[in-house]
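Notes for the structure review
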Amino acid sequence: MPYATITGVGAYLPKRVLTNRDLEAMVDTSDEWIITRTGIRERRIVDEAESTSTLGAAAARAALKDAGLKAKDLDLLVVGTTSPDHIFPSTGALIQRLIGARCPAVDVMAACTSFVYALQHATSAVESGRASRVLVVGADALTRYVDFTDRTTCVLFGDGAGAVVLEAADEPGVLGIDLGTDGTGSDVLTIKAGGSAFPCTAERLDGREQYLRMSGSEVFKFAVRVIPETTLRALAASNLSIDDVDWLVPHQANQRILDTVEQRLGIPHNRVFSNIASVGNTSSASIPLALNDLYTDGQLHPGDILVLVGFGAGLTWGAAIVRWTKGSAE
Ligand code: ACO
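What counts as what
Residues numbered from 1 in each chain as written. Predicted model: local features only at pLDDT ≥ 70, side-chain atom pairs only at ≥ 80, totals over all residues. Heavy atoms only, no water. Phe/Tyr/Trp six-rings, centres within 6.5 Å; stacked < 30°, edge-to-face > 60°. Helix = DSSP H or I, 4+ residues; strand = E, 2+ residues; numbered from the N terminus. Buried < 20%, exposed > 50% of the residue type's maximum accessible area, 1.4 Å probe, protein only. Lys NZ or Arg CZ within 6 Å of the ring centre and 35° of its normal. Pairing = 2+ DSSP bridges. Axes fitted to C-alpha atoms, helices over the stretch in contact; angles between N-to-C directions. Right-handed = clockwise from strand over helix to strand, strands pointing away. Domains from an automatic or database assignment. Buried area = accessible area lost by both parts, 1.4 Å probe. Salt bridge = Lys/Arg side-chain N within 4 Å of Asp/Glu carboxyl O. Polar contact = N/O pair within 3.5 Å; in protein donor to acceptor, adjacent residues only side chain to side chain.

Further remarks concern the packing of aromatic side chains. Within this structure, the stated rule accounts for four aromatic pairs. With 6.4 Å between their ring centres and 75 degrees between their planes, Trp-247 and Phe-273 make a pair best called edge-to-face. With a gap of 26 residues between them, Trp-247 in strand E11 (residues 247–250) and Phe-273 in the loop between helix H9 (255–265) and helix H10 (276–279) connect regions that are remote in the sequence. Phe-273 shares its class with Trp-247; the two are buried. Over the ring of Phe-198 we find Lys-192, and its NZ or CZ is 4.7 Å from the ring centre.

What follows deals with the sheet that holds strand E8 (residues 174–181). As summarised here, the arrangement of the four strands in space is E8-E13-E12-E11, forming an open sheet in which the pairing is mixed. Edge strands, defined here as strands with exactly one partner in the open sheet, are E8 and E11. Between one strand and the next, the sheet's axes are offset by a mean angle of 10 degrees, whatever the strand orientation. Here E11 runs beside strand E12 (residues 305–312); their pairing, made up of four bridges, is parallel. In the sheet register, Val-249 faces E12, and the bridge partner there is Leu-308.

Let us now look at the pairing of strand E4 (residues 76–80). Within E4, five of the five residues are buried, leaving the element largely enclosed by the surrounding structure. By the alternation rule, side chains of E4 split into Leu-76, Val-78 and Gly-80 and Leu-77 and Val-79, which are all buried. Sheet analysis places E4 next to strand E5 (residues 105–108), joined by four bridges and oriented parallel. Counted as the bridge partner of Gly-80 is Val-108 from E5. Traced from E4 through helix H4 (residues 91–99) to E5, the parallel crossover comes out right-handed.

Mapped onto the fold, Gly-266 is located in the loop between H9 and H10. For Gly-266, a relative accessible area of 55% translates into the label exposed. C-alpha of Gly-266 to C-alpha of Ile-305: the two residues are 39 residues apart in sequence and 16 Å apart in space.

This next bit is on the side chain of Asn-281. Here Asn-281 shows up in the loop between H10 and helix H11 (286–296). Exposure remark for Asn-281: the relative accessible area of 6% places this residue in the buried category.

For the rest of this paragraph, the subject is the domain arrangement of the protein. Many analyses report the size of an interface as the accessible area lost when the parts associate. What the domain assignment reports for the protein is domain 1 (3–171) and domain 2 (176–323). Placing the centre of domain 1 and that of domain 2 at their C-alpha centroids yields a distance of 14 Å. For the pair domain 1 and domain 2, the summed buried area comes to about 3,600 Å², and 63% of that belongs to carbon and sulfur atoms. By the criterion of area lost to domain 2, the three top residues of domain 1 are Cys-112, Val-116 and Tyr-117, representing 16% of everything that side buries. The interface formed by domain 1 and domain 2 contains four salt bridges. Where domain 1 packs against domain 2, one counts 22 residue pairs in polar contact (both at pLDDT 80 or more). Taken together, the elements giving at least two residues each to the side of domain 1 that touches domain 2 come down to strand E1 (3–12), helix H2 (31–38), strand E3 (42–44), helix H5 (114–127), strand E6 (133–140), helix H6 (151–154) and strand E7 (160–169). At seven residues, the largest contribution of residues to the side of domain 1 that touches domain 2 is made by H5.

What follows is the structure in structure tokens.
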């Protein structure tokens, strides 16, 4: 059975910066509240010409370049996103067109856990021998679905994209993945209108039902429970323990969530990656963006053990154990 390993990493952030000070002018909030409650100082947001597919395509091109591949070399493109350009066609199809690939392309939607779910699809395709060069994209422009009159959510989210190339290899890279879903928590975090249950009508738009709504404290409690659980399950399945981990690369939703998880797992602070201060919660993009930051900063070395761990609406969660087989970024 071939193994799957990461051979390329790339990312893209929109140019437009939205600071906490900018938000102070939009809703009743403060820089101090946002920093102490979330750790976020600024985030990037799309402009009129951008969307999830354009962000994803930019990250995809960067990852392909890093892997030394052309888009036409790909066997499969899997896009994790929770803010697709359209209901259909898929964002995968749009990114395929933008980068000039010819392979099958598909979207995977598990909210902020989408990237880990997409990685699982890609890994299975490689390990089964059905594909040997797969591009996995995590991309979101969730600010398009954020109500900028709701201070409880609009301060949290930013836009961006990250991507990895996964290739068949003789040595193991992706060691194991733990995934989970609890649909009984599906009303904790939702975008209600715009799908087949509640199509957009003038009344629903007036009621602002097309925007993201969240019970923040419920999500917080869920996250600090499930991140340690899925991390430890995935490590155990790979015959590893938390002491073997060089980098925990968690979904970036709230610095207080990361600090609590760090305590519960008993992992040293300098092994828990955080870039939330500068990007906010970028949903499906957050894990590959974090991975790209570590990589381009020269923090990853061959043999390092990484835990890519996410949680999100659904409720969903997942952790991938990755053995780094590349060198540092050039
Ligand atoms: N500025 C100022 N005050 C605010 C703001 C704001 N932006 N937002 C809320 N407040 C107020 C509240 O109204 C409340 O006031 P009250 O006490 O008078 O009622 C007070 O601050 C405290 O509100 P809480 O909700 O209790 O604040 P908390 O400390 O729980 O922080 C937060 C809220 C940041 C949302 C936190 O609960 C959190 O991060 N939860 C997890 C969210 C998350 O991870 N979401 C992403 C999921 S991923 C996905 O799938 C999309």
